[in-house]
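Next come the chains, spelled out residue by residue.
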Amino acid sequence: MRGKPLILLLAAALVALVGAVVIAIVGDRLAGEHALTAPARSAALIERGAYLARLGDCEACHSIPGKPAFSGGLRMQTPIGAIYTTNITPDEADGIGRLSVADFDRALRYGVANGHSLYPAMPFTSYYNTKPEDVQALYAYFRYGVTPAHVPNRMSEIPFPLSMRWPLTYWRWFFAARPVPFSAPANEDAALAQGAYFVDGLGHCGECHTPRNAFMQLTAITRSGGPRYLRGAVIETYFAPSLRSDGPGSLQDWSEEELTQFLRTGANSRGIVFGSMSDVIIHSTQHMTETDAKATAHYLKSLDAEGTAELPYVYNLGTEQLLRKGDASKEGAFVYLNSCAACHRPDGRGYERVFPALAGNPVVEAQNADSVVSIILRGSQTPRTVQTPAQFTMPGFAWRLSDIQVMQVANFVRSSWGNRGPDVTLGEVTQLRSQAH
Amino acid sequence: MTTPRKLKPVDAVIIGYGWTGAILAKTLTDAGLQVVALERGPARDTSPDFEYPRIADELRYGIRGDLWQPLAAETVTVRHTVNDTAVPYRKYGSFVLGNGVGGAGVHWNGQLWRASPEDFRLRSHIEQRYGKHFIPSEMTIQDYPVSFEELEPHFDHFEKVCGVSGVAGNLRGTVQPHGNPFEGPRSDEFPTPPLPAIYAAQLFEKASAQLGYRSFPVPAANSSVAFTNPYGVRLGPCNLCGYCERFGCFLYSKASPQTTILPILAARPNLEVRTGAYVTRILQDSSKKRATGVIYIDENGQELEQPADLVILSAFQMHNVRLLLLSGIGAPYDPSTGQGLVGKNYAYQMCAVTSAFFAEDVHINPFIGAGAAGLSAIDEFNSDHNDHSKLGFVGGAVIFAGATGGRPIDQMLLPPGTARWGRAWKAAVRKHYRHSAPVTVQGSVMSYRDRYLSLDPTYKDKHGLPLLRITFDWHDNEYRMAAYAASKAEDIVREMRPQSQATLLLKPGNHYDTRIYQSTHTTGGAIIGSNPANSVINRYSQSWELPNLFIYGASAFPQNVGYNPTGILAGLAYFSAEKLKSTYLRSPGPLVS
Amino acid sequence: MPVVGLGALASAGCNGTPQTQARAYVPTYFRAAEWEFLVAAVSRLIPTEGQGPGAIEAGVPEFVDRQMEMPYGHGAYFYLQGPFHPESAATLGYQHRYTPREIYRFGIENANSASTRVHGREFARLEPSSQDEFLASMEKGALNFPNIPAALLFAQLLENTREGYFSDPMYGGNRNMVAWNWIGFPGARADFTDWIDQAGKEYPYGPVSVGGTRS
């Protein structure tokens, strides 16, 4: 009777599997707040919802060029295949026109919709803290403020069996935050609370700026989560820098005013936005009220407020003095002179809000140099905002510079003018060049 | 012959999307009009078209002229006198023609002047000062119907839009120490400070001072610092890269429509820009008192009609005149009768250059330069700043020092008598390249009865339409003017103590030579004036013939000046724009009775 | 296409380290006899003798050949509609019907015929001093060519030679930026921020090309 234990084992595994699936399905059905009431259809509430939608940057994923707003269709690559964002206009057939406010809340904060768990590409892992009144405002906007669009959702390209959703339920249970609406600690200053609510929640800054573990879980989701919160993370070929004040490569030398200006225009005297953060500025943070932007800056500056052992950045004249005298002997200096100095200047200071300074720029100083190398290779374009209509483009230099030259000039800018960024290796450059954007 | 397809009417159509096209696009879209801008050339922007380092290519942009109007598609014809047969301007030489979005406003030098108050009432001024007989009878100069004082706020505004760098010479009537003492009173200082003078300009400044002249930084639409203009558009600063005229600026510093105005127009839903749209005719209704729109040929060769209530002709001086002639708007000028106004008073500029050749320990570094920034000038001999009573000519010249760059194919200066090839040439370029500098005289050409524009009877563009014909040669007045100014330039250069110097000067007997670059400051043909008997447009740039047609550009100049024209024509455009906003758009009709 | 020996030509390697390799360019447009003429002519216009690079070191023949394959060579930059009045005053500019390709094709043939008639040999076979004299005669228009005026061919040669000597190396001439080094032109650097306030100081840096190679 040799086979019997094996058959029993397989049967038990099958039962466990079916059980797991059933538990997941039931769990999804049961998820959510059931006490939410439908909001009144008021212009003020819809406007508030529109504003919150900007804060949450729903448009970044749910709107694509050439299609009606919020009708979805953005292709997002995951490790197991591509998925497409959904139509969240109030269209009854293709959109969310039939959703109740509870359904909406469930999707937004629990990550459950249509009876199954959502891929955490939808950042319910950050939106979880949205207060009930704001959920209602968002619902009012998406039900009554957005124009219905008859655009069917596209099927994901994930093959079966990987396309089964029930494992996501377990991911959600283990790795997502408990969907508890935000409430500020007692006696907290209003600006700090407001900033925390946004940054931890709708702003979903951590989705890019907080490192994840092997399970793709954010390693911290609020300031009490410790020094990993918003300390910087790799996003495709870039490194989203630290939003803390924890040493070189962070915002420790930025004032709240500078940070506020950055949120509203994408630029200040210290640097200019690049990569996918440009879109965030354009679609989301440039539309923040002055109060909300200031609160956000205030909150970010409160991280590591107790201080850090790291010294502030100090500009060093040495580099520029050598270049002025005709000394380009430092490795990478000649590449810098030939490709970079025209805009970023031999003194590394750039031109404020036109070409970013490299001297003292946290992106340049960060431990992780992915952004520096990617920008050298592919260039960058500043965002057009209401306050800053001019757009400046840095061309890419992949065609002009060899891997060695890219490495040399990256190391040159990271160690000149007082910058303290460690060297990059040739392998890192080769790797980043080969990764298509 | 198929009828052109008629498009949906719009409120305004703009022909040519360069400087004045952009200025009017902003004005009209500000006022809520539905506007279509038609540009026959391609879309152009700093990125990708002027990107570093690819823009730093002398052969492509400085010699072949990839940013210019392709002559193969359309050119002009030239003859010296009415008795000659005109032949085509087959290769670029004397002037370069713009093309594409931004037009020549992309690849100009950025010298931004206002002209002096007397330049706007030149005939009256000369007659008052020197008597009625001072102006020869064949010289057809006339007054503008608008004064420097009326235009001043608009000069000021455009300078701010461009982030012009310079230092005031006359601030609200008080002469200032470091600027141009001859300039008309300005209401405000320049928006950005001047860049330091390049070495050649420094030598010029010292030498000028020795001779008692007051030099000053050339007003430059190359902003010297990062600057935000009144429209909220930010500009980059100039780094004297040496690739200025003929090139687009990669630093967002040289003012162009792209760097100063177009960013705020980018998202306007009531503006549509169509490139590859070649306007062939402005249409009128049967009464010939109203423009009804334009005919244009699109990129696919389709003929289309764009109806519009308001037509803005901003296609550059040459093409403005050509389109009026092709459209039959106004009577063409006939030099034998003096009748007709379209094409009348074509004028130009005459230039001379004194080159200074220094010893090999004098490091001129000619490659460090810009079209205007870093250059120095004196204005003593321009306009009517000095007493002309014994000189026997009208007009004058600005004298400015420094090369705009050191591009070796086009800007190599060698002493006269240097071999043009061989070992001696090879040695000479090494010896002189880094140690030579030019001092340039840029002088006004007056307007004359026998210098005009018309349609060519023989040659055609790629669509089979007649080319514009230029009938032009120098007059004695200009030879005298240039000789006088050049002698002053020579004095200054002598004082700069070079090892040797040489002057290139046109003399009587030297005909207008289309092979040699003078300037691209061609003017006239649709001149501004006080009544329909002496002009094509009124003081608001409005056509006397068709009140809903406005014409912008140096075609308005009744005669030329020694200065570069852009500041003046922009001032006229803004002056008109203000009237359009306040009066015309509320109640369309003739603005001057 | 037969290749005429041009000697060792320097060419730039990657990362700006110059390498010298013998490299013979194979012309696309110019036929063998034309190529010989071209090489001989440009090497007199900017000779190797004396200090500094000559047209051959700079790769001018390759430049000219490659230009003939570009729109420029086909006359795309010029207005070439008739009628043509080449008898017009010189001050009214170029009035011939010929593209650069045609100027070379017909002109070189004319030149070689004239050389053979006068000296018994084609131009490339003449002694350098005779070549110089011949070129000088062409320049003055003192030679009578049947198809292309001698002065026109000369002007075309001189213009393209200068262009090939001084243009960016990407076009095939100014190899390794030798001509820019010779005169001290920084090429495509186009940045002098540090020199704005150091007027009169000798500029210390060598040139860079658009492609980024350094000498």
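Further up the page is the structure itself.
Each chain has its residues counted from 1, following the order in which its sequence is written. Whichever chain is written first is A, and whichever ligand is written first is 1; the rest continue in order. Per-residue local features are limited, in this predicted model, to residues with pLDDT of at least 70; the limit for side-chain atom pairs, both in listing and counting, is 80 or more; totals at the level of whole chains, interfaces and linings are taken over all residues. The side-chain numbers reported here are obtained from all heavy atoms of the structure, hydrogens and water having been left aside.

**Student:** Give a description of the overall build of chain C that names residues and reports values.
**Tutor:** A run of H or I in DSSP becomes a helix once it reaches four residues, and a run of E becomes a strand once it reaches two; helices and strands are each numbered from the N terminus. Along its length, chain C carries seven helices and two strands. Walking chain C from its N terminus toward its C terminus, one meets helices and strands in the order β-β-α-α-α-α-α-α-α. In this scheme, a residue with accessible area under 20% of its type's maximum is buried, one over 50% is exposed, and one in between is partly exposed, where area comes from a 1.4 Å probe on protein chains only. Looking at the 215 residues of chain C, the share that counts as buried comes to 55%. Should any heavy atoms of two residues lie within 4.5 Å, those residues are counted as being in contact. Contacts in chain C between residues at least 24 apart in sequence constitute 60% of all its contacts with a sequence separation of at least 6. Reported accessibility uses the Shrake-Rupley method at a 1.4 Å probe radius. Residues are deemed covered only where the shown protein chains occlude them. Summed over all atoms, the accessible surface of chain C reaches about 8300 Å², with 51% contributed by carbon and sulfur.

**Student:** Please set out the overall build of chain A residue by residue, giving values where relevant.
**Tutor:** Scanning chain A from terminus to terminus reveals 19 helices and ten strands. We take the radius of gyration over the C-alpha atoms and set the globule estimate at 2.2 Å times the residue count to the 0.38 power. Relative to its length of 437 residues, chain A is compact, with a C-alpha radius of gyration of 24 Å against a globular reference of 22 Å. C-alpha extents for chain A along the principal axes are approximately 80 × 70 × 45 Å. A total of 437 residues make up chain A; the buried ones form 52% of that total. Long-range contacts, defined here as pairs at least 24 residues apart, represent 68% of the contacts in chain A between residues at least 6 apart. For chain A, the accessible surface area stands at approximately 20000 Å², while carbon and sulfur atoms represent 60% of it. Averaging the positions of the 38 positive and the 39 negative side-chain charges in chain A gives two centres separated by 5 Å. The charge count includes Lys and Arg as positive and Asp and Glu as negative, but it does not include His or the ends of the chains. To locate a charge, take NZ of a lysine, CZ of an arginine, CG of an aspartate or CD of a glutamate.

**Student:** Which residues make up the packing of helix H11 (residues 423–432) of chain B against helix H6 (residues 150–166) of chain C, and what values do they have?
**Tutor:** Angle between the axes and distance between the axes are the two parameters that describe a pair of packed helices. Helix axes use the C-alpha atoms of the stretch in contact, all axes being lines fitted to C-alpha atoms, and the angles between their N-to-C directions lie in the range 0 to 180 degrees. Following both chains from N to C, one finds H11(B) and H6(C) inclined at 45 degrees, their axes separated by 14 Å at the closest point. Relative to H6(C), the element H11(B) lies oblique. The two elements H11(B) and H6(C) meet at a crossing, and its hand is right-handed. On H6(C), the residues that touch B:Trp425, B:Lys426 and B:Val429 of H11(B) are C:Arg162, C:Tyr165 and C:Phe166. Under the convention adopted here, Pro, Cys and the residues Ala, Val, Leu, Ile, Met, Phe, Trp and Tyr are nonpolar, Asp, Glu, Lys and Arg are charged, and Gly plus all remaining residues are polar. By residue class, the composition of the contact of H11(B) with H6(C) is four nonpolar, no polar and two charged. When an angle is under 35 degrees it counts as roughly parallel; over 145 it counts as roughly antiparallel; between 65 and 115 it counts as roughly perpendicular; any other value is oblique. Left-handed is the label given to a crossing in which the near helix is rotated counterclockwise from the far helix by less than a right angle, and right-handed is the label when the rotation is clockwise.

**Student:** Just give me the short version of the packing of aromatic side chains, but keep the residues and values in it.
**Tutor:** Two aromatic rings, taken as a pair, are described by how far apart their centres are and by the angle between their planes. All names here are of chain B. The aromatic pairing rule takes the rings of Phe, Tyr and Trp, using the six-membered ring of Trp, and pairs them if the centres are within 6.5 Å, calling planes under 30 degrees apart stacked, those over 60 edge-to-face and the rest tilted. Counted according to the given criterion, the structure contains 73 aromatic pairs over all chains. When the centroid spacing of 5.1 Å and the interplanar angle of 40 degrees are considered together, the rings of Trp 113 and Tyr 563 count as tilted. Here Trp 113 is found in the loop between helix H4 (104–107) and helix H5 (122–130), whereas its partner Tyr 563 is found in the loop between strand S22 (549–551) and helix H13 (566–584), with 450 residues between them in sequence. This pair shows no difference in class: Trp 113 is buried, exactly as Tyr 563 is.

**Student:** If you had to explain the interface of chain A and chain B to someone new, which residues and values would you point to?
**Tutor:** Many authors give the size of an interface as the accessible area that is lost as the parts come together. Chain A puts 21 residues into the contact, and the matching count from chain B is 21 residues. A simple way to read buried area is as the amount of 1.4 Å-probe accessible surface that goes missing from two parts once joined, with both sides added. Interface area, chain A with chain B, both sides summed: about 1700 Å², of which 65% is carbon and sulfur. Together, A:Ala342, A:Pro389 and A:Trp399 form the three largest contributors to the area buried by chain A at its contact with chain B, with a combined 27%. Throughout this description, the term salt bridge denotes a Lys or Arg side-chain nitrogen within 4 Å of a carboxyl oxygen of Asp or Glu. The tally of links between chain A and chain B comes to zero salt bridges. N or O atoms closer than or at 3.5 Å make up a polar contact, with two conditions inside protein: a donor-capable atom paired with an acceptor-capable one, and, for residues adjacent in sequence, both atoms drawn from side chains. Where chain A packs against chain B, one counts three residue pairs in polar contact (both at pLDDT 80 or more). Listing elements by their share of the side of chain A that touches chain B, those giving two or more residues are helix H14 (333–339) and helix H15 (341–344) of chain A. Sort the elements by how many residues they give to the side of chain A that touches chain B and H14(A) lands first, with three residues. Considered class by class, the residues forming the side of chain A that touches chain B number twelve nonpolar, five polar and four charged.

**Student:** I'd like a description of the nonpolar core, backed by residues and values.
**Tutor:** The nonpolar core is taken to be a set of buried Ala, Val, Leu, Ile, Met, Phe, Trp, Tyr and Cys residues, with the residues joined through side-chain atoms within 4.5 Å. Counting residues in hydrophobic clusters, the biggest one holds 278 residues, and the most contacted among them are C:Met138, C:Leu153, C:Leu157 and C:Phe166. Among the elements that line this core, the one with the most residues is H13(B), at nine residues. Leaving out residues up to four positions away in the same chain, C:Leu157 has contacts with C:Phe37, C:Leu38, C:Ala41, C:Val42, C:Leu45, C:Tyr104 and C:Met138.

**Student:** Break down the side chain of B:Ser519 for me, citing the residues and quoting the values.
**Tutor:** Residues and elements named next belong to chain B. Residue position: Ser 519 is located in the loop between strand S21 (500–504) and S22. Reaching out from Ser 519, the side chain makes a polar contact with the side chain of Gln 349 at a distance of 2.8 Å. In this structure the side chain of Ser 519 is engaged in a polar contact, spanning 3.2 Å, whose partner is the backbone nitrogen of His 521. Sequence-distant contacts of Ser 519, defined by excluding residues within four places in its chain, comprise Ser 94, Phe 95, Tyr 348, Gln 349 and Gln 442.

**Student:** Tell me about the pattern of salt bridges, residues and numbers included.
**Tutor:** Evaluation of the coordinates by the stated rule reveals 52 salt bridges over all chains. Between B:Arg40 and B:Glu74 there is a salt bridge, and its shortest N-O distance comes to 3.1 Å. With B:Arg40 in the loop between strand S3 (35–39) and helix H2 (46–49) and B:Glu74 in the loop between helix H3 (58–63) and strand S4 (76–79), this pair connects stretches of sequence that are 34 residues apart. Its salt-bridge partner being C:Glu36, residue C:Arg125 comes within 2.9 Å of it at the nearest N-O pair. Of this pair, C:Arg125 sits in the loop between helix H4 (100–119) and helix H5 (128–140) while C:Glu36 sits in helix H1 (residues 32–45), and the two are 89 residues apart along the sequence.

**Student:** An account of H1(C) is requested, with residue identities and associated values reported.
**Tutor:** Multiplying 1.5 Å by the residue count of a helix minus one yields the expected span of that helix. With 14 residues, H1(C) should cover 20 Å at 1.5 Å per step; its first-to-last C-alpha distance of 20 Å lies within 8% of that length. For H1(C), the full list of buried residues reads C:Glu34, C:Trp35, C:Phe37, C:Leu38, C:Val39, C:Ala40, C:Ala41, C:Val42, C:Ser43, C:Arg44 and C:Leu45.

**Student:** An account of the sheet that holds strand S19 (residues 452–460) of chain B is needed here, citing residue identities and associated values.
**Tutor:** Residues and elements named next belong to chain B. Here the rule is simple: two strands pair whenever DSSP picks up at least two bridges between them. Overall, mixed pairing links the four strands, which are arranged S5-S4-S20-S19 in an open sheet. If you trace the sheet from one side to the other, it starts and ends with strand S5 (87–88) and S19, each paired once. Bridge analysis of S4 against strand S20 (residues 466–471) gives four bridges, and the strand direction is parallel. What sits directly across from Val 78, in S20, is Ile 470.

**Student:** Lay out the interface of chain C and chain B with the relevant residues and their values.
**Tutor:** Taken residue by residue, the interface counts 69 residues in chain C and 62 residues in chain B. At the boundary of chain C with chain B, total buried surface from both sides reaches about 5600 Å², with 60% on carbon and sulfur atoms. Connecting chain C to chain B are two salt bridges. One salt bridge connects B:Arg64 with C:Glu163, and the closest N-O pair in it is separated by 2.8 Å. On inspection of chain C and its partner chain B, the count reaches 36 residue pairs in polar contact (both at pLDDT 80 or more). Residue assignment for the side of chain C that touches chain B shows that the elements contributing at least two residues are H1, helix H3 (60–68), H5, H6 and helix H7 (178–183) of chain C. Of the residues forming the side of chain C that touches chain B, the biggest block, seven residues, is contributed by H6(C). Residue composition of the side of chain C that touches chain B, grouped by class: 38 nonpolar, 21 polar and ten charged.

**Student:** Tell me about the sheet that holds strand S17 (residues 397–401) of chain B, residues and numbers included.
**Tutor:** Residue and element names in this part refer to chain B. Spatial strand order, S8-S16-S17-S18-S15-S21: six strands in an open sheet with antiparallel pairing. Across the chains shown, the open sheet's two edge strands, defined by having one partner strand only, are strand S8 (216–217) and S21. One ladder, built from two bridges, connects S8 with strand S16 (residues 376–378); its direction is antiparallel. Paired with Pro 217 across the two strands is Ser 376, which belongs to S16. Sheet contacts for helix H7 (residues 199–210): S16, S17 and strand S18 (436–444); angle to S16, the most-contacted strand, approximately 30 degrees.

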